[in-house]
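# Geometric and topological summary
Okay, here's what each chain looks like letter by letter:
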Amino acid sequence: MRMFIAGMDGYLGWPLAQHLARRGHEVAGADSQFRRSWVEEMGSVSAIPIAKIDGRLAALRESTGQKIPFWNGDLRDYGLVDRIFREFEPEAVIHLGECPSAPYSMIDREHTTFVQINNLTTTFNLMFAIRDLAPGAHLLKLGTMGEYGTPNVDIPEGFFDVEYRGRKDRMPFPRQAPSWYHWSKVHGSNNIMFACKIWGLRATDVMQGVVFGTRIDDMGEDPRLRTRLDFDQAFGTVINRFSCQAVIEHALTPYGAGGQLRGFIPLRDSMQCLSLGLENPPEAGEYRVFNQFAETYSIRELAGTVQDAALAVGLEVDVVPVENPRAAIERHGHHFAPDHDRLRELGYQPSHDVASEVRGMLEDLLPHRDRIARYQAALLPDVHWDGTRRQVSYLSAVRVNDGPRAEPAETVLKVAERVSAPVPVVVRPRTDWADEAVDAT
Ligand code: USQ
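Below, the structure is looked at part by part. It should be emphasised that the depicted structure is a prediction, and the values quoted were computed from it without experimental measurement.

What surrounds the ligand is a group of 21 residues, the closest being Thr144, Met145, Gly146, Val238 and Tyr255. Going through the elements one at a time, helix H8 (238-247) and strand E10 (261-266) are the ones with two or more residues in the shell around the ligand.

Within the secondary structure, Thr214 sits in the loop between strand E9 (210-212) and H8. On the basis of neighbour counts, which here come to 25 C-beta atoms within 10 Å, the residue Thr214 falls in the buried class. In this structure, the C-alpha to C-alpha distance between Thr214 and Arg226, residues 12 residues apart in sequence, is 7.9 Å. Setting aside residues no more than four positions away along its own chain, Thr214 makes contact with Ile48, Leu229, Met361, Asp364 and Leu365.

In this structure, Pro90 sits in the loop between helix H4 (78-88) and strand E4 (92-95). As for Pro90 and Glu26, which are separated by 64 residues in sequence, their C-alpha atoms are 9.2 Å apart. When near neighbours in sequence (up to four residues on either side) are disregarded, Pro90 contacts Arg2, Met3, Phe4, Phe85, Ala134 and Ala137.

Over its 14 residues, helix H10 (residues 299-312) extends 20 Å from the first C-alpha to the last, a length consistent with the 20 Å expected when each residue adds 1.5 Å. The element H10 is extensively covered by neighbouring structure, given that 10 of its 14 residues are classed as buried. Within the sequence span of H10, burial applies to Ile299, Arg300, Leu302, Ala303, Gly304, Thr305, Val306, Gln307, Ala309 and Ala310. Gly314 sits one or two residues past H10 and shows a positive phi near 85 degrees.

Attention now goes to the nonpolar core. Counting 121 residues, the largest nonpolar core has Ile5, Ile94, Leu139 and Val306 as the members making the most contacts within it. For this core, the leading source of residues is helix H7 (residues 180-199), giving 7 residues. Beyond its immediate stretch of four places on either side in the chain, Ile5 contacts Gly13, Leu16, Ala17, Val27, Gly29, Ile94 and Leu96.

This part takes up the sheet that holds strand E12 (residues 295-298). The 3 strands lie next to each other as E9-E10-E12, forming an open sheet whose pairing is mixed. If you trace the sheet from one side to the other, it starts and ends with E9 and E12, each paired once. When strand polarity is set aside, the average angle formed by the axes of neighbouring strands in this sheet is 45 degrees. Bridge count for E10 against E12 is 4 bridges, and the pairing is antiparallel. Counterpart to Phe264 in the pairing with E12 is Glu295.

The next point concerns the sheet that holds strand E8 (residues 202-208). Strand order in this open sheet of 7 strands is E3-E2-E1-E4-E5-E8-E11, and the pairing throughout is parallel. Because the sheet does not close on itself, it has two edges, and the strands there are strand E3 (70-72) and strand E11 (287-292). When the angles between neighbouring strand axes are averaged without regard to direction, this sheet yields 15 degrees. Sitting on the sheet, H4 is in contact with strand E1 (2-6), strand E2 (26-31) and E3, with an inclination near 160 degrees to E1. Its contacts with the sheet place H7 against strand E5 (138-144), E8 and E11, and it is angled at close to 150 degrees to E5.

Its location among the elements puts Asp54 in helix H3 (residues 53-64). Classification of Asp54 by C-beta neighbours within 10 Å gives exposed; the count is 11. Each C-alpha atom, one on Asp54 and one on Arg224, is 9.7 Å from the other, the two residues being 170 residues apart in sequence.

Moving on: the pairing of E2. A regular strand places its side chains on the two faces of the sheet in alternate fashion. Of all 6 residues making up E2, 5 are buried, and the element is well covered by its neighbours. Sheet analysis places E1 next to E2, joined by 5 bridges and oriented parallel. Bridge pairing in E2 links Ala6 to Ala30. Note on the crossover from E1 through helix H1 (residues 13-22) to E2: the handedness is right-handed. Of the pairings in the sheet, the one linking E2 to E3 comprises 3 bridges and is parallel in character. Considered in E3, the bridge of Asp31 is made with Asn72.

How each quantity is defined
- Residues numbered from 1 in each chain as written.
- Predicted model: local features only at pLDDT ≥ 70, side-chain atom pairs only at ≥ 80, totals over all residues.
- Near = placed C-beta within 6 Å.
- Helix = DSSP H or I, 4+ residues; strand = E, 2+ residues; numbered from the N terminus.
- Buried ≥ 20, exposed ≤ 12 C-beta atoms within 10 Å, placed from the backbone.
- Contact = placed C-beta atoms within 7 Å.
- Expected span 1.5 Å × (residues − 1).
- Core = buried A, V, L, I, M, F, W, Y, C linked by C-beta atoms within 7 Å.
- Pairing = 2+ DSSP bridges.
- Axes fitted to C-alpha atoms, helices over the stretch in contact; angles between N-to-C directions.
- Right-handed = clockwise from strand over helix to strand, strands pointing away.

Purely geometric numbers; function is a separate question.
Next comes the structure, spelled out in structure tokens:
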């Protein structure tokens, strides 16, 4: 199948190009490479050095035997989208071409409007291009579990049955997004759902949980094929950040008491799920929603899991809760029970649990610890949901793996709750490693 990846240079887009090409699909992609400059703006780099796009494409050609057409440009420009669709004639469009960061969208008015307009414009351009130039093509859009927020009821896959004042209907499940970025995803979902109704667009909206991981099965050892791995406050997702913190023996930083519950999925399983969705497209006019995650964890449980994995490779890390920059919106110990059956019905089989995946991540990241240590200032958040910008305070030092293993998370919770004012702690960031010659871009 001819598959066009919008956002092919990103954390998901780059491995997806490899995965789909190896499954025999004809792949093309486009990217503005904005992600590289956003991370730079946050004072950081990818922990794993990544090659420039030309090097990446050459490696892909060598490893898959497929010459992947690539457009280096901004998909907000409809002229570019028009050209791509006429030249490549996609049968499926995978939309990863959005700014994916909640904190980035909360920085200030400019960042908020940029994220929303960027994300909505690229989505509209792809929707209209399908309607006018590739009718029948399947739009698979990356949404997010965050669109639902944390309601006090179970979360269905997109739709639920409602009975109100004696009448019944099947309706979209309410969205209560926790950031301007997540709201951009909600708006995108609504627009696509509407296009399915009026144009007969076929679409899959993937409500993906937090992704983590350094590799996929078919990535090989060529460094040009490796995907980026961010650890800064805006573009690093929580397990990736904890793993990078662990390899430099920086404290792991749950925000607040760490009682936030989220769904998580390894990068390699995300690839498996996306290809299942693509190879089993919906009917014309169907707006289909998948909740795409494998396991549910609280943030403090995750910290304990990463701490244990680190200890197994000889790294001693503390877990030190920090003030939650998202305190205005995040709840702790809330109900969280989303359905996630549809991908399993299509054949999804979870491959690695968090603990085993994190062990592999630490091994992949250890060779780059000097590089991470050099940019460790990017680890501590300073973008607050209340609109201020100030570095968070540490709440307390605590070792999760001291004492009985039965309830490690409670240790963090009790200490974090007891501390009324931030107390200074030693987090032991290392600064004595030799400077590494970095070939990254
Ligand atoms: N968190 C910490 N400590 C950290 C970093 C994060 O406690 O050092 C907590 C946050 O407070 C939050 C949770 O971990 O409760 C997840 O945060 P995150 O930064 O890993 O993820 P989030 O901002 O929710 O966004 C990420 C991706 C986004 C995707 C979303 C899926 O950046 O593109 O849409 O995960 S989900 O969270 O399910 O909505």
